[in-house]
Amino acid sequence: MPELPEVETVRQGLLQGILNRTIEEVLIRREGLRYPFPQDLATIAGTTVIGIRRRAKYLLIDLDDDRVLLSHLGMSGRYTLFDSDEASSAPHHLLATVNGGVPVSSFGERTGYGGKHDHLEFIFTDGSRAVYTDPRRFGIVDLFHRMDEPVQPLLEVLGPEPFDPWGAEDLAIALKGRKTSIKLAILDQKTVVGVGNIYACESLHRAGLSPRREARGLVKKNGQPTQRLESLVGHIKTVLDEALASGGSTLNDFASVDGTLGYFSHQFAVYGREGQPCTKDGCGGVVRRIVQSNRSTFYCPRCQR
Ligand SMILES: [Zn+2]
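Residues numbered from 1 in each chain as written. Predicted model: local features only at pLDDT ≥ 70, side-chain atom pairs only at ≥ 80, totals over all residues. Heavy atoms only, no water.

Participant: I tried to follow the coordination of the zinc ion on my own but got confused; where do I start?
Facilitator: Each donor-metal-donor angle in an ideal tetrahedron of four donors is 109.5 degrees, and each such angle in an ideal octahedron of six donors is either 90 or 180 degrees. Every protein donor of the zinc ion is listed here as Cys 278 (SG), Cys 283 (SG), Cys 300 (SG) and Cys 303 (SG), and their distances to the metal cover 2.2 to 2.3 Å. Classification of the site at the zinc ion as tetrahedral follows from its 4 donor atoms and the range of 101 to 117° in their angles at the metal. (Donors = N, O, S within 2.8 Å, 3.2 Å for Na, K, Ca; no water. Tetrahedral: all angles 85-135°; square planar, octahedral: opposite > 155°, others 65-115°.)

Here you go:
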């Protein structure tokens, strides 16, 4: 599943690829993904992309008619960009039908799956295209006026971003009195956004904190963060920074916008390493997998306390 660093990589790729381009047409090949597509999706034809922001794992594409196109990649969503030369080598509408079934694109060689999961295609006036592919169809697309952004239901429930000025004191306020485990607390998007499962496991390992520890135990009586919580916040920021620098972890289905793969995955210290030795110098522990709230947690019982 693309986590925050992957989504940021996609944002930067889209920024280079489609900023200031005018949408000529949107090809919509199914009714929706996790939710139905907005009924007025096709009305973005004629608008120009004037900005691309990220909030948590939502991409917010600013259009010049004061609307915002929201895109969430779900479990397996990705964009592939085609310049006008590449796009023009294929038939204009690229609508083919397999055995009378779902319409497919003819970009399947690049986007994968024979083009049958290319659900949306943005055609720009310069002939270039952006194709959205999502085999597992957990992605989300929404369209709203910018003035409604503060009350957009998916966005209004989100906690702070994990970069400056967010810090240990903010996390302490969020954790005070909470009996939930620290792992689940930092996965909670109301506490802080974008610390997905992989990065939560890695941050806790670096901080030497057990994922099972009660969140409230990391807050002093006066509401200030303990030293251990300060350490955890530092490691969350570092882990995410490193992942951003390497273009995300690129697990399974994920590819960044230009189709290249990131390479953070081989640097994981605990994630996906059940039964293997802990990588911390002199620890000698063995990585264990437990399940917390239906999600795998990987940690070293010896050095994470
Ligand atoms: Zn260890």
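Participant: When you look at the sheet that holds strand β10 (residues 140-145) in this model, what are you seeing that I'm missing?
Facilitator: Neighbouring strands of a sheet are bound in pairs by backbone hydrogen bonds; such pairs are parallel or else antiparallel. Across the sheet, which stays open at both edges, the 4 strands sit in the order β2-β3-β4-β10 with antiparallel pairing between neighbours. The sheet terminates laterally at β2 (49-55) and β10, the two strands that pair on one side only. Adjacent strand axes in the sheet meet at a mean angle of 20°, parallel and antiparallel pairs treated alike. As judged from the 5 bridges shared by strand β3 (residues 58-63) and strand β4 (residues 67-72), these two strands associate in the antiparallel manner. By the bridge assignment for β4, Leu 60 is matched with Leu 70. Sitting on the sheet, helix α1 (residues 4-18) is in contact with β2 and β3, with an inclination near 175° to β2. (Pairing = 2+ DSSP bridges. Helix = DSSP H or I, 4+ residues; strand = E, 2+ residues; numbered from the N terminus. Axes fitted to C-alpha atoms, helices over the stretch in contact; angles between N-to-C directions. Contact = heavy atoms within 4.5 Å.)

Participant: Got a minute to help me understand unusual backbone geometry in this structure?
Facilitator: The bulk of non-glycine residues show a negative phi, and the bulk of peptide bonds are trans. A cis amide bond links Asp 164 with the next residue in sequence, Pro 165, at an omega value of 10°. Here Pro 165 is to be found in the loop between α4 (153-156) and α5 (168-175). Backbone geometry places Asp 66, a non-glycine residue, at a positive phi of 70°. Inspection of the secondary structure puts Asp 66 in the loop between β3 and β4. Backbone geometry places Tyr 113, a non-glycine residue, at a positive phi of 60°.

Participant: Is there a simple way to think about helix α7 (residues 197-207) in this case?
Facilitator: Residues separated by three or four positions in an α-helix point in the same direction, a consequence of the helix having 3.6 residues per turn. In terms of burial, α7 is a largely internal element, 10 of the 11 residues being buried. Turning to α7, its buried residues are Asn 197, Ile 198, Tyr 199, Ala 200, Cys 201, Glu 202, Ser 203, Leu 204, His 205 and Ala 207. Contacts from the buried residues of α7 go to α1, α6 (182-187), α8 (227-245) and β12 (295-299). Just past α7, the residue Gly 208 takes up positive phi, approximately 65°. (Buried < 20%, exposed > 50% of the residue type's maximum accessible area, 1.4 Å probe, protein only.)

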